[in-house]
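For reference, the chains in residue letters:
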Amino acid sequence: MTTIQRQWTGKPGTGTSTQDPAAAEAVFLDATLSLLGSLAVAPGAVVVDVGPGAGSATVALACAVGDQGRVYAVDLDPAMLDATLEAARAAGVGDRVRPVLHDLEDGTPALPEAADIVWSSWCVHHAHDWDSAVGALVGLLRPGGVLCIAEGGLPTRCLPWDIGTGRPGLEGRLDEAHDRYFAQWFFDRPAAVRPRRGWSEILRGAGLVDVTAHTTLVDFPAPLSEQVRAVVLAELAARVRRAGPYLADDDRAAWARLLDPHDDAWLGRRGDLALLSARTAYQGRSPHNS
């Protein structure tokens, strides 16, 4: 077994409201490595990373499998595959990464070999049918192989309860509005299937055994570094943009001020901005007699 270690730092944040996937992954990298740590990646292993983003997990996995191992990066977006390959080459492990252009909605991708480990982070919840998507991932495993998906956790907290702009509890109401946005987006799709159960049960329903869950804390107390602050501001701006139609008028007005660098209330000037969250991964093993 190889211990998965930090090998990739991503790009520095820009301080704008446009989220940089590489910068965000760098901020959450230690949490990702903590979740990957339970996978016991062995040198020479075949690993599949579904939805690799900017490539931070892919690079860590490629470092762990060694010269004789392979990591298949699967995504429906060619630009994300390009970013993943760029990150792998920069880390000196580009020859271990194989890009695969595939949409998980189309079922199990056709790979030339079965996988020892399949990893997917914050990807499956975008699928129309979570059970079918997990089943597609299970189809990649060899008997005894392990699937691990990072989904869920706890809501992120970045602001004090009362920030002096708008009504107290602003961030909690943003969570509620964003949840309403996601439900509307999810069920507006004609093929959407209501999950009706949690991720552990979905993995068991797909035939996996020894299903477990583990959670890691993301804790950046105030005052934040410039890089973490930029990621927090960008993520808040993205959440407000998505949840905007579901926010009360006064909350929308408050967020407009808080996210405007030209306003005296801009969050970027606050010394009490923080980043606290928890991320959970669910994993299970394919039976040896499958």
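Please refer to the structure placed before this passage.
Residues numbered from 1 in each chain as written. Predicted model: local features only at pLDDT ≥ 70, side-chain atom pairs only at ≥ 80, totals over all residues. Heavy atoms only, no water.

In an α-helix, one full turn covers 3.6 residues, which means residues spaced three or four apart are oriented alike. Given a rise of 1.5 Å per residue, 13 residues ought to cover 18 Å, and the 18 Å separating the end C-alpha atoms of helix H4 (residues 78-90) matches this to within 8%. Looking only at H4, the buried set comprises Leu81, Thr84, Leu85, Ala87 and Ala88. Buried residues of H4, viewed axially, fall in a sector of 160 degrees; they line one side. Seen from the open side of H4, the exposed residues pointing more than 90 degrees away from its buried face are Asp82, Glu86, Arg89 and Ala90. Where H4 is buried, its residues contact helix H3 (56-65), strand E2 (70-75) and strand E3 (97-101). Where H4 starts, the residue carrying a side-chain oxygen 2.9 Å from the main-chain nitrogen of Ala79 turns out to be Asp77. Immediately beyond the C-terminal end of H4, within one or two residues, lies Gly92, with a positive phi of roughly 80 degrees. (Helix = DSSP H or I, 4+ residues; strand = E, 2+ residues; numbered from the N terminus. Expected span 1.5 Å × (residues − 1). Buried < 20%, exposed > 50% of the residue type's maximum accessible area, 1.4 Å probe, protein only. Arc of directions from axis to C-beta. Contact = heavy atoms within 4.5 Å. Polar contact = N/O pair within 3.5 Å; in protein donor to acceptor, adjacent residues only side chain to side chain.)

What follows is about the packing of aromatic side chains. Counting across every chain of the model gives six aromatic pairs. Arranged with centres 5.5 Å apart and planes meeting at 40 degrees, the rings of Phe182 and Trp185 form a pair that is tilted. Of this pair, Phe182 and Trp185 both sit in helix H6 (residues 170-187), separated by three residues, roughly a single helical turn. Take Phe182: its relative accessible area is 23%, and that puts it in the partly exposed class. Between the aromatic rings of Phe182 and Phe186, the centroid separation amounts to 5.9 Å while the plane-to-plane angle is 35 degrees, which identifies the pairing as tilted. Placement of both Phe182 and Phe186 in helix H6 is noted, with a separation of four residues, approximately one turn of the helix. Each member of the aromatic cluster is reached from another via a ring pair, and the members are Trp130, Phe182, Trp185, Phe186, Phe187 and Trp199. (Phe/Tyr/Trp six-rings, centres within 6.5 Å; stacked < 30°, edge-to-face > 60°.)

So, about the sheet that holds strand E7 (residues 275-285). If you trace the seven strands from one edge of the open sheet to the other, you get E3-E2-E1-E4-E5-E7-E6, paired in mixed fashion. Two strands close off the open sheet at either side, each with one partner strand: E3 and strand E6 (209-220). The mean inter-strand angle of the sheet, taken between neighbouring strand axes irrespective of direction, is 20 degrees. Both strand E4 (residues 115-121) and strand E5 (residues 141-157) contribute to a ladder of six bridges, which runs parallel. In the strand pairing of E5, Val118 is matched with Leu147. (Pairing = 2+ DSSP bridges. Axes fitted to C-alpha atoms, helices over the stretch in contact; angles between N-to-C directions.)

A few words now on unusual backbone geometry. In this chain, Ala222 is followed by Pro223 through a cis amide linkage whose omega measures 0 degrees. Inspection of the secondary structure puts Pro223 in the loop between E6 and helix H8 (226-243). Although it is not a glycine, Ala40 sits at a positive phi angle of roughly 50 degrees. Residue placement: Ala40 occurs in the loop between helix H2 (29-36) and strand E1 (46-50). Here Asp210, not a glycine, exhibits a phi torsion of approximately 55 degrees, which is positive. Checked against the element boundaries, Asp210 lands in strand E6.

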